[in-house]
Amino acid sequence: MSEIQNSSVFSLDDVSADEMNKLIDGTITDFDEGDLVTGTVVQIERDEVLLDIGFKSEGVIPVRELSIRKDANPADIVKLGDTIEALVLQKEDKDGRLVLSKKRAEYERAWNRIDEKFQKGENVEGEVIEVVKGGLILDIGLRGFLPASLVDLRRVKDLNAYLGTRIEARVIEMDRNRNNVVLSRRVVLEEARKAERSEILSKLQPGMRLKGTVSSIVDFGAFVDLGGIDGLIHISELSWNHVNHPSEVVKVGQEVEVQVLDVDLNRERISLGLKQTTEDPWRTLVKKYPVDAIVEGAVTKLVPFGAFVDLGDGIEGLVHISEMAKQHVDAPAQVCKVGDKVQVKVMEIDLDRRRISLSMKAAAETLGFEVAVEPMDKPEDEEPKAE
């Protein structure tokens, strides 16, 4: 039997060492620094992880290149058999190994993703992994810095309370050269609050009664938190009685029931009333003085158009100058002076405007007497000269 020779089969004995190395190198992929590679975790040590990427030796990922989190435990980040992506940092270290970085590979992917959200004005979310001077560090695939002044709507005293929590924020600045990403949670909260305010405003109608909490007091009134939006009670709407300062009626933190007086959607302002939630004592007291009743009162003030008369119980009415006497009256001082006791007849009551119209003339006619009108004093230059 003749021996059949196959020209495609050769013996390794016929290959030199140099040729063998060239053959082996030809089956191994070559990498450059900055390349992204994919491999399988084959060994996990305390300070490094070995990755099989089809190179002549395993690639090594130092612990500092595993995660953006400091003091991370390799066993908490990867498991044997995991397929992960890494970036080539160094083709060969002193031991001839390929040095890789999982952190840098994730950073490259994350930067593009975060930059896209930045351009679109979309929010990002991440866990607070560090509290540093001046703010927080968030894991958003890369290290995002959230300044303390932008953590909340108001200044936060203890930033440590946020450690380990997940936060939604907006990217407000990105600098690739400095690897700097600045975040703001406050802008997200402000937008949410604005949306909440708009929703509440759209539902409010004058006349509605709501419960709220006094959030602050100013000289001209008190602000009440209605649950996401503040309304103002003007000092004139705090009480039916005269108020010198809002603190006489309400205190910060006090729960109150208020009535919506007006809603300005454009300016996002709500006018509230506190006194409207209680009965006006004036309406009760004025029942003692029905129309056509004749009562005695004391003159409290003279004005060019008439005289104000106190009927008692804090009820004051106006006697118009035309209702002071049957005769023509040029000035109220011709008929009475402050402190005089006078008889008046109730002519009209305006409950909404809290006004009572009185008449001395009508009272005199009913009681059968006539109101005396003193003549006006003449100026000295009009007095007759003595002959």
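So, here's what we can say about the structure. All residue numbers refer to position in the chain's written sequence, counted from 1. Note on the predicted model: pLDDT of at least 70 is required for a residue's local features to be given, and 80 or more for side-chain atom pairs to be given and counted; whole-chain, interface and lining totals, by contrast, use all residues. Side-chain metrics in this entry use all non-hydrogen atoms of the structure; hydrogen atoms and water are not considered.

**Side note on the environment of lysine 287**
So, point 1. On the secondary structure map, lysine 287 appears in the loop between helix H5 (281–285) and strand E16 (294–303).
So, point 2. Residue exposure (1.4 Å probe, protein chains only): buried if accessible area is under 20% of the type maximum, exposed if over 50%, otherwise partly exposed. Assessed through its relative accessible area of 63%, lysine 287 is described here as exposed.
So, point 3. Sequence separation of lysine 287 and isoleucine 349 is 62 residues, and the distance between their C-alpha atoms is 9.8 Å. Elements are defined by DSSP. Helices are runs of H or I of four residues or more, strands are runs of E of two residues or more, and each kind is numbered from the N terminus.

**Focus: the side chain of threonine 277**
So, point 1. Of note, threonine 277 is situated in the loop between strand E15 (269–273) and H5.
So, point 2. In the analysis that follows, any N or O atom pair within 3.5 Å is treated as a polar contact, provided that within protein one partner can donate a hydrogen and the other can accept it, and provided that, for residues neighboring in sequence, both atoms belong to side chains. Here leucine 274 takes part through its backbone oxygen, which lies 2.6 Å from a polar atom of the side chain of threonine 277.
So, point 3. Ignoring any residue separated from it by four or fewer positions in sequence, one finds threonine 277 in contact with Arg209, Glu257, Val258 and Gln259. Contacts are assigned to residue pairs that have any heavy atoms within 4.5 Å of one another.

**Here's the deal with the sheet that holds strand E18 (residues 315–320)**
So, point 1. The mixed closed barrel is built from five strands, whose spatial order is E16-E17-E18-E20-E19. Going across the sheet, the axis of each strand differs from the next one's by a mean of 50°, ignoring polarity.
So, point 2. When DSSP locates at least two bridges between a pair of strands, those strands are taken to pair. Bridge count between strand E19 (residues 341–350) and strand E20 (residues 355–359): five bridges; the pairing is antiparallel. By the bridge assignment for E20, valine 346 is matched with leucine 358. Fitting a line to C-alpha atoms yields each axis, with helices limited to the stretch in contact; the angle taken between N-to-C directions then spans 0 to 180 degrees.

**A closer look at the sheet that holds strand E12 (residues 221–225)**
So, point 1. Pairing is mixed around the closed barrel formed by five strands, whose spatial order is E11-E12-E13-E15-E14. In this sheet, adjacent strand axes meet at a mean angle of 50° when their direction is disregarded.
So, point 2. As paired elements, strand E11 (residues 209–218) and strand E14 (residues 255–264) share five bridges and run antiparallel to each other. Counted as the bridge partner of threonine 213 is glutamate 255 from E14.

**Comments concerning the pairing of strand E3 (residues 59–62)**
Side chains on a regular strand alternate between the two faces of the sheet.
So, point 1. Residue alternation in E3 divides its side chains into two sets, Gly59 and Ile61 and Val60 and Pro62, and both sets are buried.
So, point 2. The sheet contact formed by strand E2 (residues 48–52) and E3 spans four bridges and is antiparallel. Within E3, the residue paired with valine 49 across the bridge is isoleucine 61.
So, point 3. Between E2 and E3, which pair antiparallel in sequence order, lie six residues; one of them, glycine 54, sits at a positive phi of approximately 80°.
So, point 4. In this sheet, strand E5 (residues 98–101) lies alongside E3 in parallel orientation, the contact comprising two bridges. If you follow glycine 59 over to E5, its bridge partner there is leucine 98.

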